[in-house]
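An overview of the molecular structure
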Protein chains: 2
Amino acid sequence: MSNLISIKSATLSEDISQQLTNAIVQGYIPQGSKISEPELAKQYGVSRGPLREAIVKLEGLGLVTRTANVGARVIELNTQDMLDTFTMREALEGMAARLAASTMPSEEINSLYALLDKHQAYLDANQDEHYVQQGGNDDFHLRIIHASGNAKLIRLLTEELYAIIRMYRRHTADQRSDPRQALREHKAILDAIANHEGDLAELLMRRHISRASQLLKQAMEHSAVASRT
Amino acid sequence: MSNLISIKSATLSEDISQQLTNAIVQGYIPQGSKISEPELAKQYGVSRGPLREAIVKLEGLGLVTRTANVGARVIELNTQDMLDTFTMREALEGMAARLAASTMPSEEINSLYALLDKHQAYLDANQDEHYVQQGGNDDFHLRIIHASGNAKLIRLLTEELYAIIRMYRRHTADQRSDPRQALREHKAILDAIANHEGDLAELLMRRHISRASQLLKQAMEHSAVASRT
DNA sequence: AATAGATAAATTGTCAACAATATGGCGTTT
DNA sequence: AAACGCCATATTGTTGACAATTTATCTATT
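Residues numbered from 1 in each chain as written. Chains lettered and ligands numbered in written order. Predicted model: local features only at pLDDT ≥ 70, side-chain atom pairs only at ≥ 80, totals over all residues. Heavy atoms only, no water.

Describing the protein's contact with DNA strand D
Around DNA strand D, 20 residues are found, and the nearest of them are K34, R48 and R52 of chain A together with L12 and S47 of chain B. Counting only the atoms of DNA strand D within 4 Å of the protein, the fraction contributed by sugar and phosphate is 74%. Take R52 of chain A: an N or O atom from its side chain is 2.4 Å from a phosphate oxygen of DNA strand D. Here N69 of chain A contributes a backbone N or O atom positioned 3.1 Å from a phosphate oxygen of DNA strand D. Listing elements by their share of the surface near DNA strand D, those giving two or more residues are β1 (34–35), α2 (37–44) and α3 (48–61) of chain A together with α1 (12–25) and α3 (48–61) of chain B. For the surface near DNA strand D, the residue count by class is 8 nonpolar, 8 polar and 4 charged. (Near = heavy atom within 4 Å. Polar contact = N/O pair within 3.5 Å; in protein donor to acceptor, adjacent residues only side chain to side chain. Helix = DSSP H or I, 4+ residues; strand = E, 2+ residues; numbered from the N terminus. Nonpolar A, V, L, I, M, F, W, Y, C, P; charged D, E, K, R; others polar.)

With respect to the UniProt feature "domain: HTH gntR-type" (unreviewed entry) in chain A
Within this numbering scheme, the UniProt entry marks residues 10–77 of chain A as carrying the feature "domain: HTH gntR-type" (unreviewed entry). Within residues 10–77 of chain A, the helical portion is 53% and the strand portion 15%, while the C-alpha atoms at the span's ends are 32 Å from each other. (UniProt positions renumbered as here; feature names shortened; annotations may be inferred.)

A word on the interface of chain B and chain A
The partner chain A presents 32 residues to the 32 residues of chain B that form the contact. Each partner contributes to the roughly 2500 Å² buried at the junction of chain B and chain A, and carbon and sulfur atoms together form 60% of this total. It is E53, M88 and K152 of chain B that lose the most area in chain B upon contact with chain A, and together they represent 22% of the buried surface on that side. Linking chain B with chain A are 6 salt bridges. Our count for the chain B to chain A interface comes out at 8 residue pairs in polar contact (both at pLDDT 80 or more). (Contact = heavy atoms within 4.5 Å. Buried area = accessible area lost by both parts, 1.4 Å probe. Salt bridge = Lys/Arg side-chain N within 4 Å of Asp/Glu carboxyl O.)

Describing the side chain of T87 of chain B
Inspection of the secondary structure puts T87 of chain B in helix α4 (residues 79–103). Accessibility expressed as a relative area gives 18% for T87 of chain B, which makes it buried. (Buried < 20%, exposed > 50% of the residue type's maximum accessible area, 1.4 Å probe, protein only.)

Focus: the sheet that holds β1 of chain A
Residues and elements named next belong to chain A. Strand order in the open sheet made by the 3 strands is β1-β3-β2, with antiparallel pairing throughout. Strands with a single pairing partner mark the edges of an open sheet, and in this sheet they are β1 and β2 (64–67). Pairing between β2 and strand β3 (residues 71–74): 4 bridges, direction antiparallel. Bridged to R66 within β3 is A72. Together, β1, β2 and β3 form the strand contacts of α3, whose direction differs from that of β2 by roughly 115°. (Pairing = 2+ DSSP bridges. Axes fitted to C-alpha atoms, helices over the stretch in contact; angles between N-to-C directions.)

Focus on the pairing of strand β3 (residues 71–74) of chain B
Residue and element names in this part refer to chain B. Going residue by residue along β3, you find A72 and V74 tucked away on one face and G71 and R73 left uncovered on the opposite face. In this structure, strand β1 (residues 34–35) lies alongside β3, joined through 2 bridges in antiparallel fashion. Note on β3: the bridge partner recorded for K34 is R73.

The following block contains the structure:
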């Protein structure tokens, strides 16, 4: 139940940085709340030095914003920020799918087919309940991203954008997408990659993400109307 | 002649951060060189605190790499890194062009046509000599990026990727592209945007950047062969 | 002579104190 | 009563000192 996950790193700063990142993404530290240096330093049992360093790192990751002489606050994700993030994701993951289509080794492709079979079996067994893809090696999108072989693209998507997305999902009604539909789309994307059809793979991946983005937009407009009553 | 550009910021840390960024991008601090905290602190006349903070920021921007208990080094850009960066640029600027096609106000479009006329006049007057587009408001690509209206995309492209690209250009034979060809492509992109043809604008922008990427690749292979003699 | 180990120097990581700035409360003034 | 300015408090920014780790130097051994 504790939000303190003990990860022994080489330096305190790295340690705190990871713990803070986790705390923010998981929502233990709510959006918009102030990051007090003395308070957190006491809480984590370190001095302000390494803690400040961690905050600067978080700023680089886009999880907090800092104002000189005032301090840091956790970002507040509004719908526009989220749609902007999805737009970038569409462009970058589309490109990742294209790259994967030309470089992905066949054994990795087979392994991904096996993963999709596993997802299929899960849906069959759990009557279409969403499987939680929390970033592990079982996440189809992450596998494609890594298959791109573009180190900078991998870092950006997995360390920055996905943190934001996961953070957002926590406080919104989970995506009301049809998991079987998503699985079909995943399969189509993988087929294109297996056939080394980069153009098609990119197109399908973009359409897939765009669809999720549209759902998000609708959900937001809906909840905005609902909260207005 | 000094590499010290005095920018009075709210905090020393911001100040140092900007100066270091500039020094690295401009090549005053060469690639691969070690960032010594005591040395730089003395050089800039500050204590190690704000200097460390600046280094952490630079790490977030991808300009230096840090190793625990060892220190920071300026990144060394190899051809692969550069091609990876161009690949991301292709995806993101392509998307920016698409977005611009649907949101760019007509007066801004006219202003961009005027800019291209200015470039044309420059080429006519200076017998096709490259105009240096060092990131000012006269850079066509930056104008398109800003017209996308996607804040996150703007920040990533202008603050991170472009810093890397400028850094790389400094120590390589400048792009041997045909400036008239580039100008023609810019015009075609702008035409597509003016006609609100997002698909076409994206396609043309990607082709434009891909072409530059190909030239870069050839130049690299060429110089690799040349240096082997 | 080359390698391995021990010691010394230098650098990074961390801390606690001080300075500068912003925030909140109080009283005064209009 | 509201607004302005002043003062006290708290927070951030910066500094110098100390601890921990790495790097360099020197000696000893094979």
